[in-house]
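Structural overview for review
Below, each chain spelled out in residue letters.
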Amino acid sequence: MIDTEVLSKLADTLEARREATSESSYVASLYRKGEDAILKKVAEESAEVLLASKDGDRLHLVREVADLWFHTMVLLAHHGLRPEDVLMELRRREGISGIDEKASRQAE
Ligand SMILES: N=c1c2ncn([C@@H]3O[C@H](COP(=O)(O)OP(=O)(O)OP(=O)(O)O)[C@@H](O)[C@H]3O)c2ncn1[C@@H]1O[C@H](COP(=O)(O)O)[C@@H](O)[C@H]1O
């Protein structure tokens, strides 16, 4: 089983790319283009996930989800956030049924 170290290492690389040039780094070029360009990539990769799912090609789906995760991590880094922030939120939700959570919101 792969642990979450791969996410932390990638997040470290994304932070380090703040100092890189657009010519040497795809991530630096995205930072330079700004939030709208990053959001456009997230939207494009989401659409590619949908197409891969409908294709029924599992390897294609895994690769497109990797592209989507990667670009959402660039978005998090743009906001000064790390994958650990998302993992903590998922940890917080552990064992809370979506049905119970929705019911508690409707009772408010
Ligand atoms: N995981 C990734 C990763 N996944 C996808 N991509 C790039 O994301 C880009 C967008 O994918 P597309 O399929 O949309 O291809 P495209 O049409 O060429 O893209 P656009 O020109 O439309 O932006 C491609 O250039 C991919 O190579 C990635 N680029 C970098 N990483 C990681 O980020 C690190 C830092 O990358 P650099 O900043 O480039 O050194 C790397 O060492 C990797 O670990």
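Since the model is a prediction, treat every value here as computed from it, not as a measurement.

1. Comments concerning the overall build of the chain
Along the chain, the regular secondary structure elements total six helices and zero strands. Along its sequence from the N terminus, the chain presents helices and strands in the succession α-α-α-α-α-α. Its C-alpha atoms give the chain a radius of gyration of 17 Å, more than 25% over the compact-globule value 13 Å for 108 residues. The dimensions of the chain, computed from C-alpha atoms along their principal axes, are 50 × 35 × 35 Å. A burial count over the chain gives 25% of its 108 residues as buried. Taking contacts inside the chain between residues at least 6 apart in sequence as the whole, the part at least 24 apart equals 52%. Entry remark: accessible area of the chain is about 8,100 Å², with carbon and sulfur atoms responsible for 57%.

2. Observations concerning a nonpolar patch on the surface
Judged by side-chain polarity, V86, L87 and L90 come together as a nonpolar surface patch covering roughly 220 Å² of accessible area. Position of V86 relative to the elements: it lies in helix α5 (residues 83-93). By relative accessible area, V86 is classed as partly exposed at 37%.

3. Observations concerning the confidence of the model for the chain
Of the residues in the chain, 98% reach a pLDDT of 70 or more, and the chain-wide mean stands at 94. For this predicted complex, the interface confidence reaches an ipTM of 0.92, while the overall pTM sits at 0.92.

4. A look at the nonpolar core
L7, A11, L14, V27, L30, Y31, A37, I38, M73, V74, L75 and A77 together form the largest nonpolar core, which totals twelve residues. Within the residue set of this core, elements represented by two or more residues are α1 (5-16), α2 (26-33), α3 (35-55) and α4 (58-78). No other element matches α4, which puts four residues into this core.

5. A closer look at empty space enclosed by the protein
Within this structure, the stated rule accounts for one cavity of 30 Å³ or more. If you add up the space inside the largest cavity, you get close to 30 Å³. A11, E15, M73, A77, L81, R82 and P83 together form the lining of the largest cavity. Every element with two or more residues in the lining of the largest cavity is listed here: α1 and α4.

6. What to know about the site of the ligand
In the vicinity of the ligand, the contacting residues are L10, T13, R17, S25, Y26, V27, K41, E45, D67, F70 and H71. One nitrogen or oxygen atom from the side chain of R17 is found 3.0 Å from an oxygen atom belonging to the ligand. Taking K41, its side chain carries an N or O atom lying 2.6 Å from an oxygen atom of the ligand. At three residues, the largest contribution of residues to the shell around the ligand is made by α4. Here the residues of the shell around the ligand sort into four nonpolar, three polar and four charged.

Cut-off values and rules
Residues numbered from 1 in each chain as written. Predicted model: local features only at pLDDT ≥ 70, side-chain atom pairs only at ≥ 80, totals over all residues. Heavy atoms only, no water. Helix = DSSP H or I, 4+ residues; strand = E, 2+ residues; numbered from the N terminus. Rg over C-alpha atoms; globule rule 2.2 N^0.38 Å. Buried < 20%, exposed > 50% of the residue type's maximum accessible area, 1.4 Å probe, protein only. Contact = heavy atoms within 4.5 Å. Areas by Shrake-Rupley, 256 points an atom, 1.4 Å probe, with all protein chains shown as cover. Patch = residues over 30% accessible without salt bridge, like charges linked within 9 Å, V, L, I, M, F, W, Y side chains within 5 Å. Salt bridge = Lys/Arg side-chain N within 4 Å of Asp/Glu carboxyl O. pLDDT = per-residue confidence, 0-100. Core = buried A, V, L, I, M, F, W, Y, C linked by side-chain atoms within 4.5 Å. 1 Å grid on protein atoms, 1.4 Å probe; cavity = no way out; pocket = protein on both sides within 12 Å on 5 of 7 lines; lining within 4 Å. Points joined across faces, edges and corners; volume = space filled by probe spheres on them. Near = heavy atom within 4 Å. Polar contact = N/O pair within 3.5 Å; in protein donor to acceptor, adjacent residues only side chain to side chain. Nonpolar A, V, L, I, M, F, W, Y, C, P; charged D, E, K, R; others polar.

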